[in-house]
Amino acid sequence: MTIVVTGGAGFIGSNFILDWLALSNEVVINVDKLTYAGNLENLQSLKDGDGHIFVLSDMGDFANISELLKAHRPRAVVNFAAESHVDRSIHGPAAFIETNVVGTFRFLEAVRFYWNNLPNAEKQAFRFLHVSTDEVYGTLTPSDHPFREDNRYEPNSPYSASKAASDHLVRAYHHTYGLPVLTTNCSNNYGPYHFPEKLIPLCIHNALAGKPLPIYGDGQQIRDWLYVKDHCSAIRRVLEAGQIGEAYNIGGWNEMANLEVVTILCSILDELSPRQDGVSYIEQISFVKDRPGHDRRYAIDATKIERELGWKPAETFNTGIRKTVQWYLDHQDWVENVTSGAYQNWVGKQYGA
Ligand SMILES: NC(=O)c1ccc[n+]([C@@H]2O[C@H](COP(=O)([O-])OP(=O)(O)OC[C@H]3O[C@@H](n4cnc5c(N)ncnc54)[C@H](O)[C@@H]3O)[C@@H](O)[C@H]2O)c1
């Protein structure tokens with residue numbers, strides 16, 4: 001048996017592949033275009049024969065994808081590939097439309113043709129799992145109920161709008177063509193192999209490098225945080241038992257303001273890797289101009305996946321964040337390799353460092 005994963009060299013995709021291969025013998029075909037966010041080093045611990053086959057390709061390359069589907073006959077595809085960084089979508093939305101909307105469309109087309117030609121039993125068993133975000137639902141006020149699956153889509157950034165469009169395409173391919181799809185909408189992830197442009201790895205990296213820890217606006221933007229391995233276990237569960245055509249919200253029941261997240265990070269770093277001058281990393285926090293259209297609050301009501309599929313996160317924020325900080329301390333070589341010149345330039349432009 002085989003599955004195809006797109007975007008498997010990225011943050012969540014690589015964690016998913018590592019966990020998948022640790023738990024099963026089922027081969028994973030990893031289709032990744034290796035954008036700035038794709039890093040095969042994330043999968044370096046895999047050995048020949050572990051069941052990982054890497055294919056360098058755009059998921060929107062219909063001919064390539066059709067060929068590999070025919071050759072490997074997967075029983076499922078899990079679609080992680082995307083442009084995923086909100087700030088980048090503000091500076092350059094075109095890549096987000098190209099990959100998240102047009103790329104997903106072309107990928108769906110290739111999968112639809114493949115699926116249509118499968119013998120009946122394989123056709124019935126096939127699944128297309130689309131990995132999406134809670135950002136498609138827009139923003140919440142402090143008193144709003146957390147997002148449920150039937151919330152209206154009200155995306156506010158080019159990133160979330162492009163993900164919303166991809167979710168709609170996936171839904172339409174089920175309703176129109178009968179493609180057996182599943183969609184997951186997850187909150188903010190954190191954990192190993194997270195590219196250091198996102199809040200948590202950026203702050204760990206900057207703290208250790210003696211640089212400012214940039215916090216947008218007043219730092220009171222609230223997010224729900226989920227340890228990446230919990231996201232991966234939820235995806236496995238939805239793939240295994242999710243109802244075709246349904247969407248599942250995935251979250252950690254961990255609502256927290258950005259400033260609080262960074263303050264906790266600093267106190268863990270103070271304990272595990274204290275500054276030589278004995279001053280707390282908190283002193284490095286630096287407030288920067290807020291980004292345009294910054295959503296104030298996201299929160300996930302993850303009742304449906306718990307009730308229907310029996311999934312719950314294994315980590316609390318306190319346990320997950322401690323593991324994450326320790327991982328970054330133990331993998332400074334990975335961080336060094338990722339923080340290439342191009343990345344440095346981009347962070348400089350973004351935060352006016
Ligand atoms: N990171 C989060 O907190 C979060 C939360 C909820 C949902 N998601 C969703 O999960 C998915 C994975 O997120 P991530 O944080 O791992 O992203 P990431 O940016 O770390 O990785 C994306 C991967 O996709 C690859 N890719 C990009 N365009 C491609 C294309 N056209 N064809 C093939 N590969 C391509 C990149 O090379 C990279 O390896 C995304 O769909 C994202 O919207 C992320």
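Going by the structure above, here's the rest.
Residues numbered from 1 in each chain as written. Predicted model: local features only at pLDDT ≥ 70, side-chain atom pairs only at ≥ 80, totals over all residues. Heavy atoms only, no water.

(A) Region of the structure containing helix H6 (residues 158-177). In a regular helix each residue adds 1.5 Å, so 20 residues correspond to 28 Å; H6 covers 28 Å between its end C-alpha atoms and thus fits that length. The set of residues buried in H6 consists of Tyr 159, Ser 160, Ser 162, Lys 163, Ala 164, Ser 166, Asp 167, Val 170 and Tyr 173. Where H6 is buried, its residues meet helix H3 (86-91), helix H4 (94-116), strand E5 (127-133) and strand E6 (181-186). Once H6 finishes, Gly 178 follows within two positions and takes phi at roughly 80 degrees, a positive value. (Helix = DSSP H or I, 4+ residues; strand = E, 2+ residues; numbered from the N terminus. Expected span 1.5 Å × (residues − 1). Buried < 20%, exposed > 50% of the residue type's maximum accessible area, 1.4 Å probe, protein only. Contact = heavy atoms within 4.5 Å.)

(B) View of the pairing of E5. Of all seven residues that make up E5, seven are buried, and the element is covered over most of its length. Taking every second residue as pointing to the same face, both faces of E5 are buried, with Arg 127, Leu 129, Val 131 and Thr 133 on one and Phe 128, His 130 and Ser 132 on the other. Note that strand E4 (residues 76-79) and E5 share four bridges and pair parallel. Its bridge partner being in E5, Asn 79 is matched across the sheet by His 130. Direction of pairing for E5 relative to E6: parallel, over a ladder of six bridges. Across the sheet, the residue bridging to Leu 129 is Leu 182, located in E6. On the question of chirality, the crossover connecting E5 to the parallel E6 by way of H6 is right-handed. (Pairing = 2+ DSSP bridges. Right-handed = clockwise from strand over helix to strand, strands pointing away.)

(C) Inspection of the pattern of salt bridges at higher detail. Scanning the entire structure with this criterion turns up 18 salt bridges. The closest approach of N and O atoms between Glu 109 and Arg 112, which form a salt bridge, is 3.1 Å. In this pair, Glu 109 and Arg 112 are both assigned in helix H4, three residues apart and thus about one turn of the helix distant. Residue classification places Glu 109 among the buried positions, given a relative accessible area of 14%. (Salt bridge = Lys/Arg side-chain N within 4 Å of Asp/Glu carboxyl O.)

(D) The arrangement of unusual backbone geometry in detail. Positive phi, close to 55 degrees, is recorded for Leu 34, a residue that is not glycine. Assignment of secondary structure puts Leu 34 in the loop between strand E2 (27-32) and strand E3 (52-56). The backbone phi angle of Trp 253 is positive, close to 55 degrees, even though this residue is not glycine. If you trace the backbone, Trp 253 turns up in the loop between strand E10 (247-250) and strand E11 (255-257).

(E) Region of interest: the sheet that holds E3. The strand order across the open sheet built from seven strands is E3-E2-E1-E4-E5-E6-E10, with neighbouring strands paired in parallel fashion. Each edge of the sheet is formed by a strand with only one pairing partner; in this case those strands are E3 and E10. Averaged over all pairs of adjacent strands, the angle between their axes in this sheet comes to 20 degrees, without regard to strand direction. Of the strands in this sheet, strand E1 (2-6), E2, E3 and E4 are in contact with helix H2 (residues 62-72), which crosses E2 at around 175 degrees. Helix-sheet contacts for helix H8 (residues 228-241) involve E4, E5, E6 and E10, and the interaxial angle to E5 is about 145 degrees. (Axes fitted to C-alpha atoms, helices over the stretch in contact; angles between N-to-C directions.)

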